[in-house]
Amino acid sequence: AAVLLGGGAAGAFGPVSVRFDNLRVDTVPCKQGTVTVTGGQRNFGARCLEITADASNPSKKPLLNADVFGRVYDANGEAVSDVEENSRISYIPRIEPGESQVAFSLIIPEQQAKLGPLEFVGVKASGFPGGVLPGQGSGVITDCDEFDDECEALPF
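The structure presented is a predicted model; accordingly, all values stated were derived computationally and were not measured.

Engineer: Honestly, the state of the cysteines in this entry has me stumped. Any pointers?
Structural biologist: In the structure shown here, the tally under the stated rule is one disulfide. The disulfide partner of Cys-30 is Cys-48, and the S-S distance across this bridge is 2.0 Å. Its torsion about the S-S bond being 110°, the disulfide of Cys-30 and Cys-48 is classed as right-handed. One end of the pair, Cys-30, is in the loop between β1 (16–28) and β2 (36–39); the other, Cys-48, is in strand β3 (residues 42–57), with 18 residues separating them in the sequence.

Right under this line is the structure:
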């Protein structure tokens, strides 16, 4: 007997793509210990950015720890990261269903930041409704790791 799965099954378990509009870039203080960005064989001073955007999550559930993908170029058209294809550039802890505003961090070489405005190409988020894939933990990202004595319990 054949079993047909409707669109509901894919929507419940498959990744959801979230479109971003109206990207805005602000320079923010770098967290302690963020001093360089490595590019090839050289080290560059870092500029820490917070990007805010209008997000459109078509899912009826929030997305947790959604990956942000895309390409970012400096004012001379050079990539600010060492990639040629769309690559994960950041993550967003939570994207609410429907229309919302989101923010994510990006660290780029100071040398490229000084050139002028950045160009963002194909920037979007992808995540799973309600969390992560089954068997992948709770989906909660924290500052704790398994070797940190200050953390009382692992998040999964």
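Engineer: So what exactly am I meant to see when it comes to the pairing of strand β7 (residues 119–127) here?
Structural biologist: Residues in a regular strand point their side chains to alternate faces of the sheet. Where β1 lies against β7, four bridges are found, and the strand directions are antiparallel. Residue Val-16 lies in a different strand from β7, and its bridge partner there is Gly-127. The pairing of strand β4 (residues 63–73) with β7 spans six bridges and is antiparallel. The residue bridging Asp-67 from the neighbouring strand is Ser-126, located in β7.

Engineer: Any chance you could explain the environment of Val-121 here in plain terms?
Structural biologist: As for its position among the elements, Val-121 is in strand β7. Under the relative-accessibility criterion, Val-121 is labelled partly exposed at 28%. Through-space distance from the C-alpha of Val-121 to that of Val-72 is 6.2 Å; in sequence the pair is 49 residues apart.

Engineer: Help me understand the confidence of the model for the protein, please; the structure alone is not making it clear to me.
Structural biologist: As a note on interpretation, predicted positions should not be read in detail where pLDDT is low. Across the protein, the average pLDDT comes to 77, with 63% of residues at or above 70. Here helix α1 (residues 7–13) stands out as the element of the protein with the lowest mean pLDDT, 46, in contrast to β1, whose mean of 95 is the highest. This stretch, residues 1–11, has a pLDDT under 50; its non-local contacts, to residues over four places away or in other chains, come to one contact.

Engineer: Explanation requested: the packing of aromatic side chains in the structure shown.
Structural biologist: Each aromatic ring pair is summarised here by two numbers: the centre-to-centre distance and the angle between the ring planes. Counted by the stated rule, this structure contains one aromatic pair. With a centroid separation of 6.0 Å and an interplanar angle of 20°, the aromatic rings of Phe-20 and Phe-104 are classed as stacked. Of this pair, Phe-20 sits in strand β1 while Phe-104 sits in strand β6 (residues 98–109), placing them 84 residues apart in sequence. When its relative accessible area of 7% is taken as the criterion, Phe-20 is described as buried. Since its relative accessible area comes to 2%, Phe-104 is described here as buried.

Engineer: Can you help me understand unusual backbone geometry in this one?
Structural biologist: Most peptide bonds adopt trans geometry, and most residues besides glycine take a negative phi value. Although it is not a glycine, Asn-22 adopts a positive phi angle of roughly 55°. Relative to the elements of secondary structure, Asn-22 occurs in strand β1.

Engineer: Would you mind showing me how to read the pattern of salt bridges here?
Structural biologist: Pairing is possible between side chains of opposite charge, provided their charged atoms come close. Per the stated rule, a full pass over the model turns up five salt bridges. Notably, a salt bridge pairs Arg-19 with Asp-21, separated by 3.0 Å at the nearest N-O pair. Arg-88 serves as the salt-bridge partner of Asp-67, at 2.6 Å between the closest nitrogen and oxygen. With Asp-67 in strand β4 and Arg-88 in strand β5 (residues 87–95), this pair connects stretches of sequence that are 21 residues apart. Since its relative accessible area comes to 26%, Asp-67 is described here as partly exposed. Judged by its relative accessible area of 45%, Arg-88 falls in the partly exposed class.

Conventions adopted
Note that residues are indexed from 1 along each chain, following the sequence as it is written. In keeping with the predicted nature of the model, local features appear solely for residues at pLDDT of at least 70, side-chain atom pairs appear and are counted solely at 80 or more, and the whole-chain, interface and lining totals rest on all residues. As a rule here, side-chain values cover all heavy atoms of the structure and leave hydrogens and water aside. Here, the term disulfide refers to a pair of cysteine sulfur atoms separated by no more than 2.5 Å. Here a helix means four or more residues in a row that DSSP labels H or I, a strand means two or more in a row labelled E, and each is numbered from the N terminus. For two strands to be treated as a pair, DSSP must find at least two bridges joining them. Note on classification: 1.4 Å probe, protein chains only; a residue is buried when its accessible area is under 20% of the maximum for its type, exposed when over 50%, partly exposed between these limits. Confidence per residue, as judged by the predictor, is encoded in pLDDT with a range of 0 to 100. Contacts are residue-level and defined by heavy atoms, with any inter-residue pair within 4.5 Å sufficient. A pair of Phe, Tyr and Trp rings is counted when the ring centres sit within 6.5 Å of each other, with Trp represented by its six-membered ring. The angle between the planes then sorts it: under 30 degrees is stacked, over 60 is edge-to-face, the rest tilted. Any carboxyl oxygen of Asp or Glu within 4 Å of a side-chain nitrogen of Lys or Arg constitutes a salt bridge here.

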